[in-house]
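Summary of the model geometry
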Amino acid sequence: AAAEKGGYATFMEKEINDQPHAVADTLLGRTDASGRLVLDELRISEEQLKAVDRITIVACGTAAYAGMTAKYAIEHWTRIPVEVALAHEFRYCDPIVNERTLVVSISQSGETMDTLMAVKHARDLGALTISICNTHGSTIPRESDAVLYTHAGPEIAVASTKAFLAQITASYILGLYLAQLRGGSFADDAQAVMKELAEVPGKIETLLGRMGRVKEIAKFMADTRSVLFLGRHVGYPVAMEGALKLKELAYIHAEGFAAGELKHGPIALIEPGQPVFVIVPSPTSEHGLHGKVVSNIQEIRARGARTLVIAEEGDESVVPFADEVISVPATSQLLAPLLTVVPLQVFALWLSTAKGLDVDQPRNLAKSVTVE
Ligand code: G6P
């Protein structure tokens, strides 16, 4: 069993450390001889895909947060409206779907019943379906018109880590593929983004090498009863994923918020000593988002919050207001989740371990939920 875990004590620790490969392998072999991006399986015509005027992403759990991240990227690159629906809600909400709707499912296992039923429902309504999946030969890709496989390798720990990074990577490739197909203004950027994605595995490796302090913080915090997470733009789904990891693994009340929503309610939760992770956008982000999130840190710090700040390396502006700064390598705004989520996974892993819990098999959860 130790060999299976590659020398790590748990599958989760191994899988977190596998993430550079999960991303790198998912990027492999994506272009044809003429340098155009391609899908792994395509059972409909590219003409049909070209006509798509609306995208709905269906998924559950961590995969749904990958979908929320993908929405920002796919809309930016294709200008096609993207909606993200929890698969179990989608089926029963009388969804607006027709032949020009592309329903993208995201599933590690390819067997999640809620997601499978959403795909079948979409197909019955005439939609085109694409599966982003980690498991060859599983049901959801077989039931879909096209497939883009993630290559994270088998994920054993119940709480998803490397599959999440691979899902974000694959959904971005899909966005770039659609942009190329439509020949929009971002079609030419596809190669530049693919090049930048290719640099991400090395950056994750660097980041993983710096997680000693996060492990220490997690150990100190074993008695914590509530942790909040704030993020904005693509940092928002990362905040929710960070909270989900903590619920799943450490059984701690945790919640992720959009940082802009703070003043509309969640700030009332801040009392002295409340730990809050804040995912800070790069100082180079558009629309001045960086400054807005730094102001949020000041606001909660002034009310006594213990601020655990994830920021781009070299970003000194957060230092005066942070109890801890966790630096991540620089990358463009849309790609940042592939880095910023890593410390949150590591934090949940070590906090759970400090509490003496079973990291790989949290209570009440199943790796793949094959019932509705
Ligand atoms: C279960 C797992 C989660 C996972 C979700 C979706 O709830 O515990 O970790 O995110 O299912 O699984 P899928 O295989 O469809 O990605």
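Our subject in this report is the structure included herewith.

Scoring rules and cut-offs
- Residues numbered from 1 in each chain as written.
- Predicted model: local features only at pLDDT ≥ 70, side-chain atom pairs only at ≥ 80, totals over all residues.
- Buried ≥ 20, exposed ≤ 12 C-beta atoms within 10 Å, placed from the backbone.
- Helix = DSSP H or I, 4+ residues; strand = E, 2+ residues; numbered from the N terminus.
- Pairing = 2+ DSSP bridges.
- Contact = placed C-beta atoms within 7 Å.
- Axes fitted to C-alpha atoms, helices over the stretch in contact; angles between N-to-C directions.
- Parallel < 35°, antiparallel > 145°, perpendicular 65-115°, else oblique.
- Left-handed = near helix turned anticlockwise from the far one by under 90°.
- Nonpolar A, V, L, I, M, F, W, Y, C, P; charged D, E, K, R; others polar.

Remarks on the pairing of strand 9 (residues 275-279)
Each regular strand carries side chains that alternate between the two faces of the sheet. Counting buried residues along strand 9, five of its five residues qualify, which places the element largely inside the surrounding structure. On strand 9, burial covers both faces: P275, F277 and I279 on one face and V276 and V278 on the other are all buried. Two strands pair when backbone bridges link them, and strand 7 (residues 226-231) and strand 9 are joined in this way by three bridges, in the parallel orientation. Note that in strand 9 the partner of L230 across the bridge is V278. The pairing of strand 9 with strand 10 (residues 306-312) spans five bridges and is classified as parallel. The partner of F277 across the bridge, within strand 10, is L308.

Observations concerning the sheet that holds strand 4 (residues 101-107)
Sheets are built from strands that pair by backbone hydrogen bonding, the pairs being arranged parallel or antiparallel. A sheet is described by the order of its strands in space; here six strands give the open sequence 1-6-5-4-2-3, paired in mixed fashion. Because the sheet does not close on itself, it has two edges, and the strands there are strand 1 (41-42) and strand 3 (82-86). Pairing geometry for strand 2 (residues 54-59) and strand 3, over five bridges, is parallel. Paired with I57 across the two strands is V84, which belongs to strand 3. Strands strand 2, strand 4 and strand 5 (128-133) of the sheet are contacted by helix 6 (residues 113-124), whose axis makes an angle of about 165° with strand 4. Sitting on the sheet, helix 8 (residues 162-182) is in contact with strand 4, strand 5 and strand 6 (146-149), with an inclination near 145° to strand 5.

Concerning the packing of helix 4 (residues 62-78) against helix 8
Running from N to C, helix 4 and helix 8 point in directions that differ by 25°, and their axes come no closer than 9 Å. With respect to helix 8, the axis of helix 4 lies roughly parallel. Relative to helix 8, the crossing made by helix 4 is right-handed. In this structure, helix 4 contributes T62, A63, A66, G67, T69, A70, A73, I74, W77 and T78 to the contact, and helix 8 contributes F164, Q167, I168, S171, Y172, G175, L176, L178, A179 and R182. Looking at the contact of helix 4 with helix 8 residue by residue, the class counts come to twelve nonpolar, seven polar and one charged.

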